[in-house]
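Remarks on the overall topology
Here is how the chains run, residue by residue.
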Amino acid sequence: MDGGAAAIEVLLQNLINVLKEEYFLRQGLDGDSQQLQTNLGMIQAYLNDAEKKFITQDAVKFWLRKLETLAFDADNVLDELSYHFLHKKVKKMMKLKHRAASYFSSFHRCSGRHNMALAIKKINTEFECMNKMAKDLGLQSILLNAPVAAAETSIETDSISRDPIFIGRDDDVPVLVGMVTHIPQDQSFSIAALVGMGGMGKTTLAKKVFNHESVKARFGSLIWVHVSQTFDAISLFNKINSTLTSNTGDRVEIKQVILEKLQEALKAKTYLLVLDDVWNEDVLKWKDFMNSMEGVTSTNGNCIIITTRKENVASIAEPFLVHHLKGLSSNDCWSIIKANACDGNGNGEISSRFENIGREIATRCDGLPLAANVVGGVLRRCKSEQEWCAIKDNGLSDDEGGWEIEKDELIELWMGEGFLQPSQRHDMEFMGNRFFNMLLQNSLLQVTRNNFGRREYFVMHDLVHDLASSVLSNNADANTPARYMFLKEESRHIPEQEAKHLRTLLLETPGTIFSNFKCLRNLILAGEGFTKLPDSVRDLIHLRNLNISSTEIKNLPEWIGELHHLQTLRADLWRLEKLPSTLKYLINLRHLYLGWETKLPAEIGKLASLQTLEHFKVGEEKGYQIEELGSLKNLKGSLWIQNLERVRDKEEAMKAYLLQKSNLSNLRLEWNEDSGTDGNYESVLEGLQPHANLKVLGIDGFKGITFPAWCKKMAVRNGSQGSWVPLDNLIEISLCNCSECEEIPMLDHSLPNLKSLYLINLKKVRSINIPCKNLKSLVMFGLQSLQYLPESLFCNNPSLSNLEIVKCPVLSELPDGLDTLNSLEELTIRDCPNLKLIKNPSGGPKNNQGILHELRIIKCEKLMALPCQILESSAPTIKTLVLEELRSLKNLPMLIDCLAKSSPRLEELTIRGVPNFMASGFIGSWSLGRLKVLCIDVSVEWSMESSVGIRETVEGMLQGCANSLEILYLKWVENWEWMPQSIQHLTALSNLMLENIGVQELTQSIQHLTALSFG
C-alpha cells in the first residue's frame, strides 16, 4: 500500500483490536463495539481501491485524509476509555490506604458507562458517514485476507532473473570464475565466500559467476538456493533436491528420507551450489549441514559459494577463498544513477548540466549500489534542473538524517505509535524484530558503530532517509498536522494547536507545558536543562514510551505510577538513586532501563508484563527478595542479579524461576565480595540453573570450592530426574573472583558456539581444561596458582583473535601452536614472572601470513625467547609492539631484524628493559613510514663493544620514520654522550624525552618541539 493508505490501515486495525479487549466487553458495550468493528471492516475494504485512485482523483485524496484524521481521533478516544479501565484496575490493586491513594489524581474525564457508550456511538456515526462517502465516490469494496506481517524478512532470490544494471564489478567476475573453475580435485568440495554489506551487489555478482559459460562447462549441475535468516537444514535439502529433480511436490520432513533422495539425485554428478544470503552463525547447524552434504556427494571437485554480509558467517564456513566486495567508485555510482534516471538505459543522453549535478549526488552514495539505485529512481521523476539541484543541496527533504539509534529503542518507538500488533503466536517485540531485520537486510538501515560488541547502533542511509521523507511529504498537504517532531536546543515554541496532534516528540529545551500534548505516545527528553521531570507530563495519559536517559533528572515523582499505558521507561541516569514505590502500578510496563546503581522499589514482581530488567539487587526484606523475579515470566535479554549472598539456599534461589525464562540471553550472577558472610554458595548456585537458550553467562564472587553439576557439565536438567541438555548456545562465559574454586567447569564436552572466555582472579585454579574449538577471545587474569595450559589449546582454536595472559605468576610455559594462530589480532602477556618458554615446534617460518595488530609482552623476567615466526608472519600488519622488562630475552636482535624487513603499518614501538638492543646484521633500509611513537631503552647489558651496533640500529629506525614520528623516548646509560644525528630530520616530532643522556645542548633543528624532558 501507499504510505498514507498503509498508515490508515494500521490505525483501523488498532481500533478493531482495542474494541475486542476485555474492557469493552465487560462494560455492556459489546453491541456498540460490534457495530463499530463492522463499520471499520467496511472502511478497510475500500482502502485498496482508494489507494489506486489516490493520485488521479482529488476527491479520493480528500476522503483518505479525512479518514486519517477521524481514525486518529477515534484512536485517542478509545485509548482514553482504555486508560479508565486500567486506572480502576490499579485502584483495586492498591490497599486503599489514605496515603497510597493520595498519589493519584482524580480523573474526571468521560468515565461512566453512559459516557463511554455515547463516545462510541459518536465514532460509529462518523465512520458510517465515511462509508457512505466512499460509496458516493464509487470506491469498490474489496475484501482481502489480512497478510501475515513480515512473514518473510527478505525477497527470494534466484539465478535466472536478470539484473539490468551491472556496473563496477567487471573485474571481480573473471577472478572468481578462475578460482571456482580451478578448485582442488582431491576433496569433495571447496567453499568460497562473497562478503559485503547489504546492497553491495553480492547476489548480482554471484549470478554472473553462476551463469558464466566456463562455470557451466565445468560443473554438471548448477544449484541456487536462497537461505536468508532462517537456516533450516531440512528446508535447504528440499530446495536442493527440487532444483536437481525439478520436482516441487510435497516437502520431505524426515532427514534420512530427503538425504537419500539427494544422494540419488547427485549420484556421479559434479555441482556448483550457491547459498545466497547466509546469516547463520551457529557452528553446530553449519557443521551438521556440511557433514550431510559431504555424505550425499559422490564426486570430488565440487564447489559451494556462500554470500553473506557477516565476516563471522564466512569464517565458520572455513572457505578457501573469501572475496570482499568493496564500495563502488563515485563514477560507478553515477553510472547506476544515470541508468536508473533514464529508465534503465545507461546510454541515455543527459545534458552536461544534469550530469554535473548527478555526479555530486553520486558522491553521497558512499559506494553503495543500493543507494545509487534508490536515488536514480527518485531522479527519474525529477524533470527540471531545479529539482536535481534541490536534491543535491538539501536532499529530498529538509529533515536531518543520520540519527543513531539502537534496535530495541527503535522498536519501542514503533510500539508506542501502535505500528506493531501482536499475533496469536508472537508479541509486538517479535514483530518489531522482523520488520527491523527486513530494513537491515535491504540496507534501509545500516550498522554505524559497535560499542565493544555490547551494543550496536544503526542509522538510515541519507538518501534512503530522504526518499522516506519524500513519500511522507507527498501524502500531506498544508492542512495535514505534524504528528512527529524532533526539536533541537535552538528550536521554537510549539503552539497548542500544533502540540495537540503530536504523537512523538524529541525535545532538548526545557520549559514546555506538556498539558497541551494531549495525544503524545513517545516522549524523549534530552539535555542538561532537564533536572526534574515536568509535572505536566502527568497529564499524558496516552504515553507509551518515556526516555529521560540523556537528562540530569535526579528523581522520579510518585505520580509516575499514573501513566498506566506506559510500556517503556528509559531512565539510565547515574544520579537517579531510587525509584518511587508507585512504579509497581505501571501494569503495562514492558521495558525498564536503569543505571546499575538505581535502587528498585519493593514488589517489582507486580510488573508482570516486564520483559527488560537489566539489574536486580537482592534485598533482605519482603518485596526485595529474589522471589520477585519469579513473577517476571517474560524477561528477555540481559539480567544481572547482585547480592546473592542474601539468598539462603537452593529452594529460595529456585523461586527466581530462571530455568523457565527461555528468552533470557545474558545472565550475570554476582555475590558481593565484601559481604563477610558464610553463604551457602554451592546450593544457591545450583538453584539458579538457567534455561538452555542462554548465550552469555557470568559468575562473579562465587566462594564455593566446587561448582554445582550444571556448571561442571555446562548443561541444564529439566526436572530432578530429567535428561541433561547442553548449554550449546553459549557464546561467552566469564568467571570472576571465584577465589575458593580449584577447578573451572566445562570439563565434560565442547561448547560449539563459545567465542569468548574470561577467567578473572581465580586464585586457586592450578590447571584448566578447555575443550572448545571455536574461541575468538581468551582472557586469563589473576590466575595465581595456574601451572600450565592445555597442550592443544592453540591448535584447537585456530580462530582465536584476542589472547590475554596477565598476572599468572606460576605459569612457566605456553604450549605449542601460538605461532600458528593466523587469526590472532591482539596478544598480551604481562606480569608472568616465571614464564620461561613459548614453545615453537615448527622451527621455521610460517606458511600463512598472520594478521596480528597488537603485541604486548611485559614483565616476564624469565622469558628466554619470543618465537621469531610470530613476528615474521605479522610484521606487515602489526601496529603496536611493546616489549618491556624482559631481562632474560636472548633473541631481541633477530626480532628487530623481522621488524626492519617490513613493518609498513607499525605505529607504536616500545622496547624497554630488554637486553641486546641492536639488529643482528646490516639493515639497508627500515620500513617504518607510519611510526608515531618510539620508546627505546638500550641500558640493559650495554657495553662499549655493543655501542656501535646500537648506534646503527637507532639511526636506522629514526631514518625510517623521519616524516611520521611524533613522540620519542630515549634511555641511555650514564656518561654515554651520544645523540643520534637523525633527530634533526624528524619533521613531525612534537615530544622528546631523554633519560641518562649527558648531552649539553641539542641541535637548533628541534626547537619546534612542544615538550622536552630530561631524566
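Here is a short report on the structure shown in this document. Note that the coordinates shown come from a computational prediction; the quantities given were computed from them, not determined experimentally.

Along its length, the chain carries 27 helices and 35 strands. When burial is assessed residue by residue, the chain has 52% of its 1015 residues classed as buried. In the chain, the share of contacts with a sequence separation of at least 24, taken over all contacts with a separation of at least 6, comes to 63%. Accessible area for the chain stands at about 46,200 Å²; split by element, carbon and sulfur atoms hold 48% of it.

With that settled, the discussion passes to the sheet that holds strand E5 (residues 321–324). The strand order E2-E3-E4-E1-E5 describes an open sheet built from five strands, whose pairing is parallel. Lying at the two open borders of the sheet, with one neighbouring strand each, are strand E2 (221–228) and E5. Pairwise comparison of adjacent strand axes, ignoring direction, gives a mean angle of 15° for this sheet. Judged from the four bridges that link them, strand E3 (residues 271–278) and strand E4 (residues 302–308) form a sheet pairing that is parallel. Opposite Leu275, over in E4, you have Ile306 as the bridge partner. Across the sheet, helix H8 (residues 202–210) is in contact with strand E1 (189–195), E2, E3, E4 and E5; its angle to E2 comes to roughly 170°.

So, on to the pattern of salt bridges. What the rule picks out here adds up to 32 salt bridges. The closest approach of N and O atoms between Arg503 and Glu417, which form a salt bridge, is 3.0 Å. In this pair, Arg503 sits in the loop between helix H21 (496–499) and strand E10 (504–507) while Glu417 sits in helix H18 (residues 407–417), placing the two residues 86 residues apart along the sequence. Note on Arg503: relative accessible area 2%, which makes it buried. In this structure, Glu429 and Arg590 form a salt bridge, with 2.9 Å as the shortest nitrogen-oxygen distance. On the criterion of sequence distance, the pair formed by Glu429 in helix H19 (residues 428–441) and Arg590 in the loop between strand E13 (568–571) and strand E14 (591–594) is long-range, its members being 161 residues apart. Across this residue pair, the class does not change: Glu429 and Arg590 are buried. Among the charged side chains, a salt-bridge network with shared partners connects Asp75, Asp79, Glu417, Arg503, Arg521 and Arg544.

Sheet architecture is open: seven strands sit in the order E9-E10-E11-E12-E13-E14-E15, paired in parallel fashion. The two strands at the open ends of the sheet, each matched to only one other strand, are strand E9 (484–487) and strand E15 (612–613). Taken together, the five bridges between strand E11 (residues 522–527) and strand E12 (residues 545–551) define a ladder with parallel strand orientation. Bridged to Gly527 within E12 is Thr551.

Moving on, we come to helix H14 (residues 330–341). Given a rise of 1.5 Å per residue, 12 residues ought to cover 16 Å, and the 16 Å separating the end C-alpha atoms of H14 matches this to within 8%. Of the positions making up H14, those classed as buried are Cys333, Trp334, Ile336, Ile337, Ala339, Asn340 and Ala341.

All right, on to the packing of aromatic side chains then. Counted by the stated rule, this structure contains 13 aromatic pairs. Ring plane angle 90° and centroid distance 5.5 Å describe the contact between Phe210 and Trp224, whose orientation is recorded as edge-to-face. With Phe210 in helix H8 and Trp224 in strand E2, this residue pair connects regions lying 14 residues apart in the sequence. Accessibility classification places Phe210 together with Trp224 in one group, the buried group. One aromatic cluster is present, built from ring pairs that chain together Phe231, Phe237, Trp286 and Phe289. The side chain of Arg218 reaches across the aromatic face of Phe219, ending 4.5 Å from its centre. A cation over a ring is seen here: Arg912 above Tyr969, with NZ or CZ 5.2 Å from the ring centre.

Here we come to unusual backbone geometry. The backbone of Tyr657 shows a phi angle near 55°, a positive value even though the residue is not glycine. Summarising the element assignment, Tyr657 is placed in the loop between helix H22 (650–654) and strand E18 (664–670). Even without being a glycine, Asn916 presents a positive backbone phi close to 65°. Within the element layout of this structure, Asn916 appears in the loop between strand E31 (908–912) and strand E32 (933–937). Classification of Asn916 as partly exposed rests on a relative accessible area of 27%.

In terms of nonpolar packing, the biggest core is built from 163 residues, with Leu592 and Ile641 touching the most fellow members. Take this core: its biggest share by element is six residues, from helix H26 (residues 892–901). In contact with Leu592, other than residues within four places in its own chain, are Leu569, Leu579, Leu583, Leu600, Ile604, Leu610, Thr612, Leu613 and Glu614.

As for its placement among the helices and strands, Asn39 is situated in helix H3 (residues 30–53). Once residues lying within four places of it in the same chain are set aside, the contact partners of Asn39 are Asn124, Phe127, Glu128 and Asn131.

This part is about the side chain of Arg544. With respect to the helices and strands, Arg544 occurs in the loop between E11 and E12. Looking at Arg544, the relative accessible area reads 14%, which means it is buried. A polar side-chain atom of Arg544 sits 2.6 Å from a polar atom in the side chain of Asp79. In this view, Arg544 contacts Asp79, Gly416, Arg521, His565, Leu566, Gln567 and Thr568; residues no more than four positions away in its chain are not counted.

Before going further, it helps to spend a moment on the pairing of strand E29 (residues 854–858). Across five bridges, strand E27 (residues 826–830) lies against E29 in parallel orientation. Bridging from a neighbouring strand, Ile829 pairs with Ile857 of E29.

Pairing of strand E25 (residues 802–806) with E27 involves five bridges; the strand directions are parallel. Bridging from a neighbouring strand, Val806 pairs with Arg830 of E27.

Attention shifts here to a positive patch on the surface. Taken together, the side chains of Lys578, Lys599, Lys617 and Arg646 present a region of like positive charge at the surface. Turning to its location among the elements, Lys578 is positioned in the loop between E13 and E14. Assessed through its relative accessible area of 59%, Lys578 is described here as exposed.

A few words on the packing of helix H11 (residues 255–265) against helix H12 (residues 283–296). Running from N to C, H11 and H12 point in directions that differ by 45°, and their axes come no closer than 9 Å. One finds that H11 runs oblique with respect to H12. When the axes of H11 and H12 are compared, the crossing they make is right-handed. Contacts between H11 and H12 involve Lys255, Leu259, Leu262 and Gln263 from the former and Asp288, Ser292, Gly295 and Val296 from the latter.

Cut-off values and rules
- In every chain, residue numbers begin from 1 and rise along the written sequence.
- In keeping with the predicted nature of the model, local features appear solely for residues at pLDDT of at least 70, side-chain atom pairs appear and are counted solely at 80 or more, and the whole-chain, interface and lining totals rest on all residues.
- Side-chain metrics in this entry use all non-hydrogen atoms of the structure; hydrogen atoms and water are not considered.
- A helix here means a DSSP run of H or I that spans at least four residues, while a strand means a run of E at least two residues long, and both kinds are numbered starting from the N terminus.
- Think of it in three bands: residues with accessible area under 20% of the maximum for their type are buried, residues over 50% are exposed, and the middle band is partly exposed, with areas taken using a 1.4 Å probe on protein chains only.
- Any two residues whose heavy atoms approach within 4.5 Å are treated as being in contact.
- Here, Shrake-Rupley sampling with a 1.4 Å probe gives the accessible areas, and only protein chains in the shown set may cover a residue.
- Strands are treated as partners if at least two bridges between them are detected by DSSP.
- Here, axes are lines fitted to C-alpha atoms. For helices the fit covers the stretch in contact, and angles between N-to-C directions go from 0 to 180 degrees.
- By salt bridge we mean one thing: a side-chain nitrogen of Lys or Arg within 4 Å of a carboxyl oxygen of Asp or Glu.
- By definition here, a helix of n residues has an expected span of 1.5 Å times n minus one.
- Between the rings of Phe, Tyr and Trp (Trp by its six-membered ring), a pair exists once the centres lie within 6.5 Å; its type follows the angle of the planes, with under 30 degrees stacked, over 60 edge-to-face, and the other angles tilted.
- A ring is scored as having a charge over it whenever the NZ atom of a lysine or the CZ atom of an arginine sits within 6 Å of its centre and within 35 degrees of its normal.
- What we call a nonpolar core is a set of buried Ala, Val, Leu, Ile, Met, Phe, Trp, Tyr and Cys residues that are connected through their side-chain atoms within 4.5 Å.
- By the criterion applied in these results, polar contacts are pairs of N or O atoms within 3.5 Å in which, for protein atoms, one can donate a hydrogen and the other can accept it, and in which residues neighboring in sequence qualify only through two side-chain atoms.
- Like-charged residues within 9 Å of one another, or nonpolar side chains (Val, Leu, Ile, Met, Phe, Trp, Tyr) within 5 Å, are grouped into patches, provided each residue has over 30% relative accessible area and no salt bridge.
- In this charge count, Lys and Arg are treated as positive and Asp and Glu as negative; neither His nor the chain ends contribute.
- Where a charge lies is defined by one atom per residue type, namely NZ (Lys), CZ (Arg), CG (Asp) and CD (Glu).
- Here is the rule for angles: anything less than 35 degrees is roughly parallel, anything more than 145 is roughly antiparallel, 65 through 115 is roughly perpendicular, and the remaining ranges are oblique.
- The hand of a helix crossing depends on one turn: near helix anticlockwise from the far one by less than a right angle means left-handed, and clockwise means right-handed.

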